[in-house]
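# Descriptive analysis of the structure
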Amino acid sequence: MSSILIQVIVFILLVLLLAKPLGIYISKVFKNEKVFLSKIIRPVEKFIYKVLKVNEKEEMNGKEYTISLISFSILSLLFVLFLQMVQYLLPLNPEKLANVRWDLAFNTAISFVTNTNWQAYSGETTLSYLSQMIGLTVQNFVSAAVGISVLMVLIRGFKRSKISKLGNFWVDLTKSTLYILLPLSFVL
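Residues numbered from 1 in each chain as written. Predicted model: local features only at pLDDT ≥ 70, side-chain atom pairs only at ≥ 80, totals over all residues. Heavy atoms only, no water.

### Remarks on the packing of aromatic side chains
We describe a pair of aromatic rings using the distance from one ring centre to the other and the angle between the two ring planes. The criterion, for reference: By convention, a stacked pair of Phe, Tyr or Trp rings (six-membered ring in the case of Trp) has centres within 6.5 Å and planes under 30 degrees apart, an edge-to-face pair has planes over 60 apart, and any other such pair is tilted. A run of H or I in DSSP becomes a helix once it reaches four residues, and a run of E becomes a strand once it reaches two; helices and strands are each numbered from the N terminus. Buried, partly exposed and exposed residues are distinguished by accessible area as a fraction of the type maximum, computed with a 1.4 Å probe on protein chains only: under 20%, between the cut-offs, and over 50%, respectively.
On inspection of all chains with the given rule, the structure shows five aromatic pairs. Ring geometry for Tyr25 versus Phe36: centroids 5.6 Å apart, planes at 40°, classification tilted. Linking Tyr25 in helix α1 (residues 3-30) with Phe36 in the loop between α1 and α2 (38-52), this pair joins segments that are eleven residues apart in sequence. Judged by its relative accessible area of 13%, Tyr25 is buried. Geometrically, the ring pair formed by Phe72 and Phe169 is tilted, given 6.0 Å between the ring centres and 55° between the ring planes. Taken together, the positions of Phe72 in helix α3 (residues 62-85) and Phe169 in helix α7 (residues 169-187) put the pair 97 residues apart, joining distant regions of the chain. Assigned by exposure class, Phe72 and Phe169 land together as buried. An aromatic cluster is defined as three or more aromatic residues linked by ring pairs; in this entry it consists of Tyr65, Phe72, Phe169 and Trp170.

### Some remarks on α7
This is how the line gets drawn: How far a helix is expected to stretch is found by multiplying one less than its residue total by 1.5 Å. Values of bend correspond, residue by residue, to the angle between axes fitted over the seven residues ending at that residue and the seven starting there. The contact criterion used is simple: two residues touch if any of their non-hydrogen atoms lie within 4.5 Å. Under the rule applied, a polar contact is a pair of N or O atoms within 3.5 Å (in protein, one hydrogen donor and one hydrogen acceptor; residues adjacent in sequence only if both atoms are side-chain atoms).
Over its 19 residues, α7 runs 26 Å from end to end, which matches the ideal 27 Å to within 8%, given 1.5 Å per residue. The largest bend in α7 comes to about 35°, at Thr177. For α7, the complete set of buried residues consists of Phe169, Val171, Asp172, Leu173, Thr174, Lys175, Ser176, Thr177, Leu178, Tyr179, Ile180 and Leu181. Each element contacted by the buried residues of α7 is listed here: α1, α2, α3 and α6 (129-159). If you check the start of α7, you find a side-chain oxygen 2.9 Å away from the backbone N of Trp170, and it comes from Asn168.

### With respect to the side chain of Asn168
Take Asn168: it is sitting in the loop between α6 and α7. In terms of polar contacts, Asn168 uses its side chain to reach the backbone carbonyl oxygen of Glu58, at 2.8 Å. Ignoring sequence-local partners within four residues, the contact set of Asn168 consists of Val54, Asn55, Glu58, Met60 and Tyr65.

### Section: α2
Heads up, the rule is: To obtain the arc, one takes the directions from the helix axis to the C-beta atoms.
Counted at 1.5 Å a residue, the expected span for α2 with its 15 residues is 21 Å, and the 20 Å between its end C-alpha atoms agrees. For α2, every residue scored as buried is listed here: Ser38, Ile41, Glu45 and Tyr49. With its buried residues spanning 80° around the axis, α2 presents them on a single face. Turned more than 90 degrees away from the buried face of α2, the exposed residues are Lys39, Ile40, Phe47 and Lys50. Close packing links the buried residues of α2 with α7. Directly after α2, the chain includes Lys53, whose backbone phi takes a positive value near 55°.

### Some points on the nonpolar core
This is how the line gets drawn: Residue types Ala, Val, Leu, Ile, Met, Phe, Trp, Tyr and Cys, when buried and joined through side-chain atoms within 4.5 Å, form a set referred to as a nonpolar core.
Grouped together as the largest cluster of nonpolar side chains are 24 residues, with contacts concentrated most on Phe169 and Tyr179. At the level of elements, α1, α3, α6 and α7 are the ones that each hand at least two residues to this core. The element that contributes the greatest number of residues to this core is α6, accounting for seven residues. In contact with Phe169, not counting residues within four places along its chain, are Met60, Tyr65, Ser68, Leu69, Phe72, Val146 and Ser149. Of all hydrophobic cores here, the second largest spans twelve residues; its members include Leu77, Val80, Phe112 and Val113.

### Considerations on unusual backbone geometry
Its identity as a non-glycine residue notwithstanding, Asn32 has a phi of 60°, on the positive side. Residue classification places Asn32 among the exposed positions, given a relative accessible area of 52%. The phi angle at Lys96 is positive, at roughly 55°, despite the residue not being glycine. Within the element layout of this structure, Lys96 appears in the loop between α3 and α4 (102-113).

Here is the structure:
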């Protein structure tokens, strides 16, 4: 049996074994039920809500959720774009790499905000450490969290077809990042 076939079989078995426990875990996270990470993460989560002035009990309708999601994505895009276009002036650039051209910076920012992460350059010779750390690495997390948030609001939309409240984008984004993506980054 070829090694590729063995890898595919192992992967499929792992997906089948982990689907139900991970599904239950994610369901509990978004239903605000306690999970094994709650004691560690809940204080951080509460702190984030306090700093951002988010009322985690307040739900949004579809329009409010969409505006929050699009606003966050636009701000993320502008932040990553700006960071690349002024990187020469910023710290953590020991090689004194030049600012990224606007078109390449825009392409990169769009790709990371949409979680496609396409790069048309060699990162080590184009982006400073700061641009990679607080620009692209952060986007690897929050763009995936936005995707999970969209999935959650879609599920709620089907489940609550007669109710106009669909959850809170900021709460979904925070929970996706802290309870799902952050722990996965330690495992993977």
